[in-house]
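Understanding the architecture of this molecule
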Amino acid sequence: LARELRPTALDDHGLRVALQAQVERFATTTGLVAQLLLDDGAAAALDSLSEQEQIVVYRIAQEAMSNVAQHAQADRVDVHVQIDPSRGPVVTVTDNGNGIDDSPDEGLGLIGMRERARLVGAEFTIGRSGTKGTTATLRLNVPAQQ
């Protein structure tokens, strides 16, 4: 149970490698095209997160991809890590599926993602990605180091 709470991949390899493995595993098990995209400085920003923040990023990405597989009828998902200079890392999970309802029922997955984000002072949002697909966004409040 303790290993499930904090995946050993985080301790063994760090968040970036754990996310990459998670994305690859997702692609293999679902047959969807999935990729991890890291902007300049994103890998270092991920490595500098606290243990709790790393778990939140890992689990929210995991749940968001699970939602894509279950609900989106998508054939592609991207996990993208960017840096907001005034706040810190921003992790988005975007699919090209049928898009989330404008007023989605808050199931346990979405409630859990919101609660996890709140525990580390982060912001979680989810909505349509243009005309097709859904984007789940996690904004961490970790100012970038100058």
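Look up: the structure comes first, before these words.
First, a word on what this report is: a plain description of the structure on this page. (Residues numbered from 1 in each chain as written. Predicted model: local features only at pLDDT ≥ 70, side-chain atom pairs only at ≥ 80, totals over all residues. Heavy atoms only, no water.)

**Description of the packing of helix H3 (residues 15–30) against helix H5 (residues 51–72)**
Look at H3 against H5: their axes get within 11 Å of each other, and the N-to-C directions meet at 15 degrees. On the basis of the axis angle, H3 is roughly parallel to H5. Considering only the axes of H3 and H5, their crossing is right-handed. For the pair H3 and H5, the contacting residues are Leu15, Ala18, Leu19, Gln22, Val23, Arg25, Phe26 and Thr30 in the first and Gln54, Val57, Tyr58, Ala61, Gln62, Met65, Ser66 and Ala69 in the second. When its residues are assigned to classes, the contact of H3 with H5 shows 10 nonpolar, 5 polar and 1 charged. (Axes fitted to C-alpha atoms, helices over the stretch in contact; angles between N-to-C directions. Helix = DSSP H or I, 4+ residues; strand = E, 2+ residues; numbered from the N terminus. Parallel < 35°, antiparallel > 145°, perpendicular 65-115°, else oblique. Left-handed = near helix turned anticlockwise from the far one by under 90°. Contact = heavy atoms within 4.5 Å. Nonpolar A, V, L, I, M, F, W, Y, C, P; charged D, E, K, R; others polar.)

**Notes on helix H6 (residues 108–119)**
Compared with the 16 Å implied by 1.5 Å per residue over 12 residues, the 16 Å span of H6 between its first and last C-alpha is a close match. The set of residues buried in H6 consists of Gly109, Leu110, Met113 and Ala117. The arc enclosing the buried residues of H6, seen along the axis, measures out at 100 degrees, which places them on a common side. With respect to the buried face of H6, the exposed residues turned more than 90 degrees away are Leu108, Arg118 and Leu119. Against the buried residues of H6 lie H5, strand S4 (123–128) and strand S5 (134–139). (Expected span 1.5 Å × (residues − 1). Buried < 20%, exposed > 50% of the residue type's maximum accessible area, 1.4 Å probe, protein only. Arc of directions from axis to C-beta.)

**Structural notes on the sheet that holds strand S1 (residues 33–38)**
Overall, mixed pairing links the 5 strands, which are arranged S1-S2-S3-S5-S4 in an open sheet. With partners counted over all chains shown, the strands left at the sheet margins are S1 and S4, one partner each. Between one strand and the next, the sheet's axes are offset by a mean angle of 15 degrees, whatever the strand orientation. Strand direction decides the pairing type here: S1 and strand S2 (residues 76–84), joined by 6 bridges, are parallel. Bridge pairing in S2 places Val33 opposite Arg76. (Pairing = 2+ DSSP bridges.)

**Some details on the packing of H5 against H6**
Here H5 crosses H6 at 160 degrees, and the two axes come no closer than 10 Å. Taken together, H5 and H6 sit at an angle that is classed as roughly antiparallel. Crossing geometry of H5 relative to H6 is assigned as left-handed. Counting all contacts with H5, which are made through Ile55, Val56, Arg59, Ile60, Glu63, Ala64 and Asn67, the residues of H6 involved are Gly109, Leu110, Met113, Arg116 and Ala117.

**Details of the layout of surface pockets**
Here the largest pocket is characterised by a volume of approximately 400 Å³. Lining the largest pocket are 22 residues; nearest its centre among them are Asn67, His71, Ile100, Leu110 and Ile126. If you list the elements that add at least two residues to the lining of the largest pocket, you get H5, strand S3 (88–95), H6 and S5. Here the element with the most residues in the lining of the largest pocket is H5; it accounts for 5 residues. Its residues assigned to classes, the lining of the largest pocket shows 11 nonpolar, 8 polar and 3 charged. (1 Å grid on protein atoms, 1.4 Å probe; cavity = no way out; pocket = protein on both sides within 12 Å on 5 of 7 lines; lining within 4 Å. Points joined across faces, edges and corners; volume = space filled by probe spheres on them.)

**Examining unusual backbone geometry**
In this structure, Gln73 takes a positive phi of about 55 degrees despite not being glycine. Within the fold, Gln73 resides in the loop between H5 and S2.

**Re the environment of Ala136**
As for its position among the elements, Ala136 is in strand S5. What makes Ala136 buried here is its relative accessible area of 5%. Along the backbone, Ala136 and Ala61 are 75 residues apart, and their C-alpha atoms lie at a distance of 8.6 Å.

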